[in-house]
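Here is how the chains run, residue by residue.
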Amino acid sequence: MTTPLLEVENLHVAYGKIEAVKGISFTVQAGQVVTLIGTNGAGKTTTLRTLSGLLTPTAGTIRFDGRPLTGVPAHDIVARGLAHSPEGRHIFPRLTIAENLQLGAFLRKDTAGITQDIRRAYDLFPILGERAGQKAGTLSGGEQQMLAMGRALMSRPKLLMLDEPSMGLSPIMMQKIMDTIAELKAAGTTILLVEQNAQAALTLADQGHVMEIGKIVLSGTGADLLHDESVRKAYLGED
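Small disclaimer: the values here were computed from a predicted structure and weren't measured. The numbers attached to residues start from 1 for each chain and follow its sequence in the written order. Local features in a predicted model are, by the rule used here, given only for residues with pLDDT of at least 70; side-chain atom pairs are given and counted only at 80 or more, and totals for whole chains, interfaces and linings are based on all residues. For the side-chain quantities, the full set of heavy atoms in the structure was used; hydrogens and water were omitted.

1. With respect to the overall build of the protein chain
Basically, it comes down to this: Strands are runs of DSSP state E lasting at least 2 residues, helices are runs of H or I lasting at least 4, and numbering of each runs from the N terminus. Our radius of gyration is a C-alpha quantity, and the globule rule it is checked against amounts to 2.2 Å times the number of residues to the power 0.38. With a 1.4 Å probe rolled over the protein chains alone, any residue whose accessible area is under 20% of its type maximum counts as buried; one over 50% counts as exposed, and the rest are partly exposed. In this description, contact between two residues means that some pair of their heavy atoms is separated by no more than 4.5 Å. Neither His nor the chain termini are counted; the positive set is Lys and Arg, and the negative set is Asp and Glu. The atoms used to mark charge sites are NZ of Lys, CZ of Arg, CG of Asp and CD of Glu.
Within the protein chain one finds 10 helices and 10 strands. Here the protein chain has a C-alpha radius of gyration of 17 Å; the compact-globule value for 239 residues is 18 Å, and the two agree. Taken over the C-alpha atoms alone, the protein chain extends approximately 45 × 40 × 40 Å along its principal axes. Taking all 239 residues of the protein chain together, 50% fall into the buried category. The contacts in the protein chain between residues at least 6 apart in sequence include a share of 66% that link residues at least 24 apart. Averaging the coordinates of the 23 positive side-chain charges in the protein chain and doing the same for the 24 negative ones gives two points 8 Å apart.

2. What about the sheet that holds strand S8 (residues 190-194)?
Here is the rule: Only strands joined by at least two bridges in the DSSP assignment are considered to pair. Note on definitions: angles span 0 to 180 degrees between N-to-C directions of axes, and those axes are lines fitted to C-alpha atoms, for helices only across the stretch in contact.
In space, the 6 strands of this open sheet follow the order S6-S7-S8-S3-S9-S10, with mixed pairing throughout. At either end of the open sheet lies a strand with only one pairing partner, and these are strand S6 (82-85) and strand S10 (215-221). Here the strands of the sheet are splayed against their neighbours by 15° on average, with no regard to which way each runs. Of the pairings in the sheet, the one linking S6 to strand S7 (residues 159-163) comprises 4 bridges and is parallel in character. Bridge assignment links histidine 84 to a residue of S7, and that residue is methionine 161. Lying over the sheet, helix H1 (residues 44-51) contacts strand S3 (33-37), S6, S7, S8 and strand S9 (207-212), oriented at roughly 145° with respect to S7. Packing against the sheet, helix H6 (residues 141-153) makes contact with S6 and S7, and its axis sits at approximately 170° to S6.

3. Overview of H6
Applied cut-off: Helices are assigned an expected span. That span is 1.5 Å times one less than the residue count.
With 13 residues, H6 extends 19 Å between its outermost C-alpha atoms, agreeing within 8% with the 18 Å of an ideal straight helix rising 1.5 Å per residue. Within H6, 12 of the 13 residues are buried, which leaves the element mostly enclosed by the surrounding structure. For H6, the secondary structure elements touched by its buried residues are S6, helix H3 (97-103), helix H4 (111-124), helix H5 (126-130), S7 and helix H7 (171-186).

4. A short note on the sheet that holds strand S1 (residues 6-15)
Note: strands within a sheet are paired through backbone hydrogen bonds, in either parallel or antiparallel orientation. One open sheet accounts for 4 strands, arranged S2-S1-S4-S5; its pairing is antiparallel. Edge strands, defined here as strands with exactly one partner in the open sheet, are strand S2 (18-28) and strand S5 (67-68). Of the pairings in the sheet, the one linking S1 to strand S4 (residues 59-64) comprises 5 bridges and is antiparallel in character. Residue pairing across strands places glutamate 7 opposite arginine 63, the latter belonging to S4. The sheet contacts of H1 involve S1, S2 and S4, and relative to S1 the element is tilted by about 110°.

5. Some points on the pairing of S4
The pairing of S4 with S5 spans 2 bridges and is classified as antiparallel. Note that in S5 the partner of arginine 63 across the bridge is proline 68. Joining the antiparallel neighbours S4 and S5 is a turn of 2 residues, in which aspartate 65 adopts a positive phi near 55°.

6. Things to note about the environment of lysine 158
Our working rule: In protein, a polar contact requires one atom able to donate a hydrogen and another able to accept it; more generally it is a pair of N or O atoms within 3.5 Å, and residues adjacent in sequence count only if both atoms are side-chain atoms.
As for its position among the elements, lysine 158 is in the loop between H6 and S7. Note on lysine 158: relative accessible area 41%, which makes it partly exposed. Taking C-alpha positions, lysine 158 is 8.7 Å from aspartate 65, a pair spaced 93 residues apart along the chain. When residues no more than four places from it in sequence are discounted, the contact partners of lysine 158 are Leu5, Phe64, Asp65, Arg80, Gly81 and Thr190. A polar atom in the side chain of lysine 158 sits 2.5 Å from the side chain of aspartate 65.

Following this line, the structure appears as structure tokens:
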């Protein structure tokens, strides 16, 4: 068995006295799409924020690409190859689409490579290329999500973390985002996906983990979880 690209073991995270993540463990192999599903408050976003260095765990270990990640500053985590497209997008509204993408490559010095990756972002999301000089704050929610994903890809990550990429989007725009994730998967991008649309997430995922109140309560392949009776009742709205 190859060493996982990401190893999370017995991770605990707290906000003051409130423990939001209660000893979860999971791995992500290179080339996989792994999804965390669960209701609001399950600890999914907290997990991603901890992996990207925005929160400090109270216990447990995180290893990325064979090296410990706990205590590493957020910008160094990006430099090591872990990119985070956060919930709520957090694009820079007063900057143009092109400027937002360039900021995603702030740690890089390879001008030709950056130009190439901006073109790739425009290939993935043609609407961004058509409006490259437009202020990001004037984009629709779906277009802002495309920009957030494109910006995260500009660091050429070994692992791309996507937090609720379909939140608040129309069904058509949500399908576009999911199709893009499938395209990235087909190209070999490793993805850790947090997504409330369990059906879409599990359809894409190689592995899935169901989180409830800070704990992983069920794990399996995406296909197995899609057909699990308890998952279907709780997360897919089926009786």
